[in-house]
Amino acid sequence: MKETPKQLLRMLSAIALAVNCTASAADLKYKADPKKVLGAENCKECHAPVFAAWEKTHHFGSFSAGFAGKPAMHRTDEAKAILKKLGMRSAKRGICVECHYTGQASSSSRIKALSGTSCESCHGAGKDWNKIHSNKEDKEALTKAEVLGMIRPHQTYAVAANCYTCHTVPSEELVNKGGHTAGSDFELVSWSQGEIRHNLQKTEGKTNTEASPAHKRVLYVTGRLLDLEYSVRALAKATTDGTYSQKLTERINKMTTELKKIAGAGVSAAGDIAGLVDAGQLKPGNETGLNKLADAIASKSKAFADGNDGSALGGVDGLIPTTYKGKVFQP
C-alpha cells in the first residue's frame, strides 16, 4: 500500500528521531547549517514577491546599507562599540553572524556573512531540499522537503524557535562584556504581522495578507511559550550574577505571568507549562537543571502548537496585540 504524504512524513520523522534518540531538545537545532546554505538569490526566481518584501525589512538592512536611511548593522556606532569591548574586528564573523546575518561556510570552513537574516535563517538551509520542494510534478515534494530540513509556515513551533533563539540574545559575554542589549521586545504576532510579513504565496504575489484570527491565536500562545523556553535556555548559559542573568530572570518571570493570564483565558496548557518553573532554579551556574526545565517546556509547547488550529482559543483574542511592528509590504 502506498503511503499518504502525512504517513510518509511520520515514518521518515520517526527514523530521524531514532537517530537522535539520545539528543536533548536543545541539541535538535532548527538553525540553518552554514554548510548547507545556498543564499536568498536561489529563492528569488520562484518567490519574487516574497524576496521584494524581504528587501523592505530590517533583516535585509542589517547587511545592506541604505535601508530606512541607515547604514548596515556592522557600520553602526553601536556595533563598533560592542566589537571594541569584545576585542573583535568585524561583525561579519563570529557570534554576530549567528543572528544578524545568514552565514555560509566557505571552502576554508570559515563562516561568512552572506546576507542579512534571510529565507534560510527561518526556513532552514536549502541544499538538501531546495530542488525537491520546487518539483511541481511530485505531489509529495513538500512533505519530502520537510523531512530533509525545510521548515514550512504551518510548523509554527519550528519557525518561531529560530526567532527566539536570537531575540533572547543568549550570550553572557555579549551582554555583560560587550554591552549588547539583553534581549529584545520581540512578540510573535506583532512582529510576524508587521514588516516581515510575507504571506503572498496563496494570492500569487498580489496581496500580502494578514494571518487569520485563528492562526494568530496559535502564534500568540506559541510565542509566549517559546519565549519562556528560550529565556530558560539562555539563563542556563549564565555563570555569574550580572546584567545577563538578571534580565533573563526578569524575562522568565514576566513570561510565567503572561502564561497565567493566557490560562485564565481558557488555555489550560499555558498554566501547566508556567507551573513547571521553580523560582529556586532561576540562578547562574544551574546549566543542567535549567536545560532540563527548558526541555520539559519544549515538549509541552510543541505538542500545543502541533495540536491546535486556533479554533478553540477564542478566549485569548483580547490579549493579542493589534498593532504591528513596521510597515507592511504590499505589491
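Residues numbered from 1 in each chain as written. Predicted model: local features only at pLDDT ≥ 70, side-chain atom pairs only at ≥ 80, totals over all residues. Heavy atoms only, no water.

### Some remarks on the environment of Ala-263
To keep it simple, the criterion reads: Strands here mean DSSP runs of E at least two residues long; helices mean DSSP runs of H or I at least four residues long; both are numbered from the N terminus. Accessible area is worked out with a 1.4 Å probe on protein chains only. A residue is then buried under 20% of its type maximum, exposed over 50%, and partly exposed in between.
Among the structural elements, Ala-263 can be located in helix H14 (residues 243-264). For Ala-263, a relative accessible area of 24% translates into the label partly exposed. On a C-alpha basis, the gap between Ala-263 and Gly-315 in space is 9.4 Å, while along the polypeptide they are 52 residues apart.

### Some points on the pairing of strand S1 (residues 101-105)
We count it as follows: A pair of strands is labelled paired if DSSP reports no fewer than 2 bridges between them.
Of all five residues in S1, four are buried, a share of seventy percent or more. Bridge count for S1 against strand S2 (residues 111-116) is five bridges, and the pairing is antiparallel. Across the sheet, residue Gly-103 finds its bridge partner in S2, namely Ala-113.

### Observations regarding the state of the cysteines
Going by this rule: Working definition: a disulfide is two cysteine sulfur atoms within 2.5 Å of each other.
Within this structure, the stated rule accounts for one disulfide. No disulfide involves Cys-96; its sulfur sits 9.3 Å from that of Cys-99, the nearest cysteine. This cysteine, Cys-119, is not joined by any disulfide, and Cys-43 carries the nearest cysteine sulfur, 3.8 Å off.

### With respect to unusual backbone geometry
With a phi angle near 50°, Val-169 is a residue other than glycine that sits in the positive phi range. Even without being glycine, Glu-204 reaches a positive phi, approximately 55°. Along the chain, the position of Glu-204 falls in the loop between helix H12 (188-192) and helix H13 (213-235). Given a relative accessible area of 69%, Glu-204 falls into the exposed group.

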